[in-house]
Amino acid sequence: MDAFFDPGSVAVLGASNDPSKWGFWLSAGALTGAHRRSVHLINSRAASIQGQPTFAHLSELPEVPELLVISIPGPAVSAAVDEALAAGVRAFLIISARVPNAAELAERIVAAGARLIGPNSLGLVDSANELLLAWGHFTPGSLAVVTQSGQLGTEIATLSARSGLGISRFASIGGQSDVRAAEILRSLVDDPDTAQVVIYLESFTGGSALVQAMQALRAAGKPTMILTTGSSNAGARMAKSHTGSLTSAIDTVDAACRAAGAIRLSTPGEVVELAGFFASSWLPAARRVAVISDSGGQGAIAADTAEGFGLSVEVLDPATAEKAAVHLPEAGGIDNPIDLDGAGEKDLSVYSSLVDVLLADETIDAVVLSGYFGCYGEDIPELLEAELAEVERLGNIVSGHRKPLIVHSMSADSQAVAGLWERGIPSYASIEAAMRVLARAGFYASHSGRITETHDLSGTITPWGAGYTAARDAMAAAGVPVPAAVTLGRGDDLAEAIAAAELTPPFALKAGWLAHKTEVGGIVLGLEDTSAVARAHADMVARLGEGEYVLEEMDTRDGVVEILVGGRQDENFGPIVMVGAGGTETELYGDTWLELAPVSHTEALEMISRLTCYRLLTGWRGRPAADLDGLAEVIVAVSRLIASNNEIAEIEINPVRVAASGALAVDALVVTDTETSKE
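Residues numbered from 1 in each chain as written. Predicted model: local features only at pLDDT ≥ 70, side-chain atom pairs only at ≥ 80, totals over all residues. Heavy atoms only, no water.

Caption draft 1: Up close: the overall build of the protein. Check the secondary structure of the protein and you find 27 helices and 29 strands. Projecting the C-alpha coordinates of the protein onto the three principal axes gives extents of approximately 95 × 85 × 35 Å. Counting over 679 residues, the protein shows a buried share of 53%. For the protein, the proportion of contacts with a sequence separation of at least 24, taken over those separated by at least 6, is 70%. Split by element, the accessible area of the protein, about 28300 Å² in all, is 51% carbon and sulfur. Across the protein, the 44 positively charged side chains and the 85 negatively charged ones have centroids separated by 4 Å. (Helix = DSSP H or I, 4+ residues; strand = E, 2+ residues; numbered from the N terminus. Buried < 20%, exposed > 50% of the residue type's maximum accessible area, 1.4 Å probe, protein only. Contact = heavy atoms within 4.5 Å. Areas by Shrake-Rupley, 256 points an atom, 1.4 Å probe, with all protein chains shown as cover. Lys, Arg positive; Asp, Glu negative; His and termini not counted. Charge placed at Lys NZ, Arg CZ, Asp CG, Glu CD.)

Structure representation (structure tokens):
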């Protein structure tokens, strides 16, 4: 990536003196690094641009530029690239939009041994290397921005500058026709000037490489934040299984973030909020928060907001409450939140004294100070010196305890607020922002990326058959418990088949070739004897036609919870596994959780715990607790199947019936790549 972020020479094709054109900004930006690298401006109509002599054609340059920046009308780009390749150029940044046959152009560049960022890029910036090849101004800093939308990336850079963070690198990658986001991310792992990274992507082609790059950034201690619009469910609408139809693109991106130890955010503003925290504060060990406020109302709202973001505002330990009461002698009682009730106006040091007490408590992971602090010196100049001294004391206390203190101040930009940031204490103008940042920092701290068990994924289960029998066989071979059953073929004697299989009633009869049996009457339950089986079979054949019918022993255990376990191949991130509330109301509940596959037993248990129906599995209202380990093993088995090289496109067990005595898969669907390709 050095040719893009620290080239020895740069040429700008399409340089201009007109500030309304890209060529002007690219030329001006390139010239800011002219003391570091040679800069050549190409324009056949102007003798000089911004005081720099120009060249009429690429062929007139005194050297082959290491990086050629192209900002000319799209239809002219192809010929310019061919000329540059012939001259020996090996790195292209194409700003031009509406380039005809862009994919073919990229193929020609790569085939020649060259690299390309663009077309339709909004440029590159590397602050440390004094490279500025973009529109506008970029403040140097520690945040790297990798984006498919140049304009959105510029917004992030602008907000970052206003917040005091600044930009280390900026890369607008356009359509990723050659250089992709993952490659740029990998280059940031060892970049000494990048402390954290934000990515905006509209497509996740090559998602596995992205996950690996983000894992490397996390291992390097560089938080990675993702913005995306990937909420389209077009692929889900095409899926044959509930697993496919109930998982969205966003669900999968979130799973990828968890695997990578990254975090997905919603807006550029949220990115800068969290980046400010990462740049200044300690991470919380967990989600237990103590709140100090200047009024009961603000404290109550802070507590409600915290719990709305999944934080815990617990009753103070009695010993801690007793220590806090020393500093609030007029308080009737100390609770969490702590209401100062005017104590701050009497003695500003009460803030640092209470923060010190609370951060010393091992059951408290973070403190939020909400209200007037930060306004004293702004409103009463005589108190400015005392308030700034209190800011310094707070900074020393936070540094000593190595825990986060976040301030919600009614002032957005006072000297005290600026001082808080300088001393590693993030300050926000709203309690919503403060709690949102703390919750997300806690999520980031507790999701450091997955270390998945090593599995042998080389085995292929073949030959694949069609229908429920083949799916049952696949489940059984993978170690998933299934009920005893027999397949009934055309002309079989039902009594003999049942006797030979040694099945015990009651029975379930299923039309084995149907993916979703209940909707069309393809399943009959509670058949008590052979006569009942014969009548049900005759009725099904009359309604549904000849085919593979499967007769199973019914699961009659008490206290059963029905769960769906499935997997599918995601077009970007590869194999994923899902668990959710199962049965015929699966779509109604929409209670699901997914991860990239394969998963370990521990990870499978974590997936189960994320479900709303988890309470049913752990003994809801006196019912016996289900076998969570047995269910976890089913999830693990399905995750290994979908991650193996066995042509499975989708796989689903619905339901897995889970009781205290174990898990049993009573219906299954397998869709192979071969079946999908026929449609």
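That covers the picture; the talk isn't over yet.
Caption draft 2: Examining the sheet that holds strand β22 (residues 523–527) more closely. In spatial order, the strands read β20-β23-β21-β22; together these four strands make up an open sheet with antiparallel pairing. One side of each edge strand has no neighbouring strand; the edge strands of this open sheet are β20 (485–488) and β22. Between one strand axis and the next, the sheet turns through 20° on average, direction left out of account. As judged from the four bridges shared by β20 and strand β23 (residues 549–553), these two strands associate in the antiparallel manner. Bridge assignment links Leu488 to a residue of β23, and that residue is Tyr549. Lying on the sheet, helix α21 (residues 494–501) is in contact with β20, β21 (507–511) and β23; it crosses β20 at an angle near 150°. Along the sheet face, helix α22 (residues 530–544) touches β20, β21, β22 and β23 and points at about 15° away from the line of β21. (Pairing = 2+ DSSP bridges. Axes fitted to C-alpha atoms, helices over the stretch in contact; angles between N-to-C directions.)

Caption draft 3: A look at the sheet that holds strand β15 (residues 289–293). Read from one edge to the other, the open sheet built from five strands follows the order β16-β15-β17-β18-β19, with strand pairing classed as parallel. Each edge of the sheet is formed by a strand with only one pairing partner; in this case those strands are β16 (338–339) and β19 (427–428). Pairing geometry for strand β17 (residues 366–371) and strand β18 (residues 405–409), over five bridges, is parallel. In the sheet register, Val367 faces β18, and the bridge partner there is Leu405.

Caption draft 4: Main features of the nonpolar core. In this structure, Val69, Leu133 and Leu185 are the most contacted members of the largest nonpolar core, which totals 53 residues. Sorting elements by how many residues they give to this core places helix α10 (residues 249–260) first, with six residues. Ignoring any residue separated from it by four or fewer positions in sequence, one finds Val69 in contact with Val10, Ala11, Val12, Leu13, Leu26, Leu93, Ile95 and Leu133. In terms of nonpolar packing, the next biggest core, distinct from the first, is built from 44 residues, Ala134, Leu143, Ile156 and Val198 among them. (Core = buried A, V, L, I, M, F, W, Y, C linked by side-chain atoms within 4.5 Å.)

Caption draft 5: Quick look at helix α24 (residues 601–609). Listed in full, the buried residues belonging to α24 are Glu603, Ala604, Met607 and Ile608. Along the long axis of α24, the arc covered by the buried residues comes to 145°, so they all point the same way. Those residues of α24 that are buried are in contact with β25 (574–581), β26 (592–596), α25 (614–617) and α26 (628–643). (Arc of directions from axis to C-beta.)

Caption draft 6: Region of the structure containing the packing of helix α7 (residues 207–219) against α10. It is at 8 Å that the axes of α7 and α10 come closest, and there the two elements cross at 40°. Classified by the interaxial angle, the pair formed by α7 and α10 is oblique. Viewed along their axes, α7 and α10 form a crossing whose handedness is right-handed. Between α7, through Val211, Met214, Gln215 and Arg218, and α10, the contact on the second element is made entirely by Ala256, Ala259 and Ala260. Grouping the amino acids of the contact of α7 with α10 by side-chain chemistry returns five nonpolar, one polar and one charged. (Parallel < 35°, antiparallel > 145°, perpendicular 65-115°, else oblique. Left-handed = near helix turned anticlockwise from the far one by under 90°. Nonpolar A, V, L, I, M, F, W, Y, C, P; charged D, E, K, R; others polar.)

Caption draft 7: Highlighting the pattern of salt bridges. In the structure shown here, the tally under the stated rule is 24 salt bridges. Lys510 is the partner of Glu552 in a salt bridge, and the nearest nitrogen-oxygen pair spans 2.7 Å. Of this pair, Glu552 sits in strand β23 while Lys510 sits in strand β21, and the two are 42 residues apart along the sequence. Judged by relative accessible area, Lys510 falls into the buried class, the value being 3%. Note that Arg543 is salt-bridged to Asp539, the shortest N-O span being 2.9 Å. With Arg543 and Asp539 both in helix α22 and four residues apart, the pair spans about one turn of that helix. Among the ionic contacts, a cluster of salt bridges with common partners joins Asp555, Arg557, Glu562 and Arg657. (Salt bridge = Lys/Arg side-chain N within 4 Å of Asp/Glu carboxyl O.)

Caption draft 8: Expanded view of the environment of Arg162. Residue placement: Arg162 occurs in helix α5 (residues 150–163). Owing to a relative accessible area of 68%, Arg162 belongs among the exposed residues under this scheme. Residues Arg162 and Val145, spaced 17 residues apart in sequence, show a C-alpha to C-alpha distance of 15 Å.

Caption draft 9: Focus on the packing of helix α15 (residues 349–359) against helix α17 (residues 384–401). Interhelical geometry of α15 versus α17 gives an angle of 5° and a closest axis separation of 9 Å. Looking at the two axes, α15 sits roughly parallel to α17. Mapping the contact onto sequence places Ser349, Val350, Tyr351, Ser352, Val355, Asp356 and Leu359 in α15 and Glu390, Arg393, Leu394, Ile397, Val398 and His401 in α17. Across the contact of α15 with α17, the residue classes tally to seven nonpolar, three polar and three charged.

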